[in-house]
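Tertiary structure, described
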Amino acid sequence: MQMRGIAVAAAMAVLAGCGGGSASVGAGGDSHAKAVRPDHDMVQAIRQAGESTASSVEVQPLRDPAVDGFLKQATDFEAAHNYNGAVGAVDHALKLAPDAPEILQLKAELLIALHRYADAEALARKSFELGPRLGSLCARNWQTVIETRRAAKDEASAESARTQLAACKIPPRQRL
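What you are looking at is a predicted structure, and each value in this text was computed from that prediction instead of being measured. (Residues numbered from 1 in each chain as written. Predicted model: local features only at pLDDT ≥ 70, side-chain atom pairs only at ≥ 80, totals over all residues. Heavy atoms only, no water.)

Of note in this structure, His-81 is not a glycine but carries a positive phi near 60 degrees. Along the chain, His-81 turns up in the loop between α3 (65–79) and α4 (83–96). Of the residues examined, His-81 reaches a relative accessible area of 33% and is grouped as partly exposed. The phi dihedral of Arg-133 is positive, around 65 degrees, even though this residue is not glycine. In this structure, Arg-133 sits in the loop between α6 (117–130) and α7 (135–151). Note on Arg-133: relative accessible area 40%, which makes it partly exposed. (Helix = DSSP H or I, 4+ residues; strand = E, 2+ residues; numbered from the N terminus. Buried < 20%, exposed > 50% of the residue type's maximum accessible area, 1.4 Å probe, protein only.)

Following this line, the structure appears as structure tokens:
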């Protein structure tokens, strides 16, 4: 049942990320917010990186059902392009699970939608440090850094992040 809920939430999040939609920068915007208007859907690029790096060996933690409820609310808010509401719901989830790397990454993606790039990058890096450092979450972490660095027109740092992204792929098992 838990895996089904995670799969549904992930599918809804991917579908929600496909919509363009504009959002205003709320209080707490950062210096990267004014850097550049992206030429593509940054959140979709981040989520696609995770999908393309997904492995059959992905570990999903068991969580408090209240956390899942807040994440469902966040998905619903995001689908309605209410990114501030989605961030608020994720913040409630983080109060219950403050070191959950997948929730930190979700908040990073929502902050990207709000053009709060420095905050998003910081959360993606924290998620990476706390997470498995391999697989789809790792790929989403580093794609977030790539996107924020590109927005800041810092191609050298974006290229460094691309190297990290490549290291997220789990090599196939060699069979004898």
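Scanning the model with the defined rule gives 15 salt bridges in all. A salt bridge links Glu-78 to Arg-47; the shortest N-O distance between them is 2.9 Å. One end of the pair, Glu-78, is in helix α3; the other, Arg-47, is in helix α2 (residues 42–52), and 31 residues separate them in sequence. Using a relative accessible area of 4% as the deciding quantity, one classes Glu-78 as buried. Arg-47 gets classed as buried once you look at its relative accessible area, which sits at 6%. The partner of Arg-150 in a salt bridge is Glu-147, and the shortest N-O contact between them spans 3.8 Å. Here Glu-147 and Arg-150 lie together in helix α7, a separation of three residues that amounts to about one turn. Owing to a relative accessible area of 29%, Arg-150 belongs among the partly exposed residues under this scheme. Take Glu-147: its relative accessible area is 3%, and that puts it in the buried class. (Salt bridge = Lys/Arg side-chain N within 4 Å of Asp/Glu carboxyl O.)

For the coordinates displayed, the defined rule picks out one disulfide. One disulfide bridge connects Cys-138 with Cys-168, the sulfur atoms lying 1.9 Å from each other. For the disulfide bridge between Cys-138 and Cys-168, the dihedral angle about the S-S bond is near -65 degrees, and by the sign convention the bridge is left-handed. Here Cys-138 is found in helix α7, whereas its partner Cys-168 is found in the segment after α8 (155–166), with 30 residues between them in sequence. As far as the burial class goes, Cys-138 and Cys-168 line up, both buried. (Disulfide = S-S within 2.5 Å.)

Below, the discussion takes up the packing of helix α5 (residues 101–113) against α7. For the pair α5 and α7, the least separation of the axes is 10 Å and the interaxial angle reads 30 degrees. The orientation of α5 with respect to α7, classified from their angle, is roughly parallel. Here α5 and α7 pass one another in a crossing that is left-handed. Residue-level inspection shows Pro-101, Glu-102, Gln-105, Leu-106, Ala-108, Glu-109 and Ile-112 of α5 in contact with α7, the latter providing Leu-137, Arg-140, Asn-141, Thr-144 and Thr-148. (Axes fitted to C-alpha atoms, helices over the stretch in contact; angles between N-to-C directions. Parallel < 35°, antiparallel > 145°, perpendicular 65-115°, else oblique. Left-handed = near helix turned anticlockwise from the far one by under 90°. Contact = heavy atoms within 4.5 Å.)

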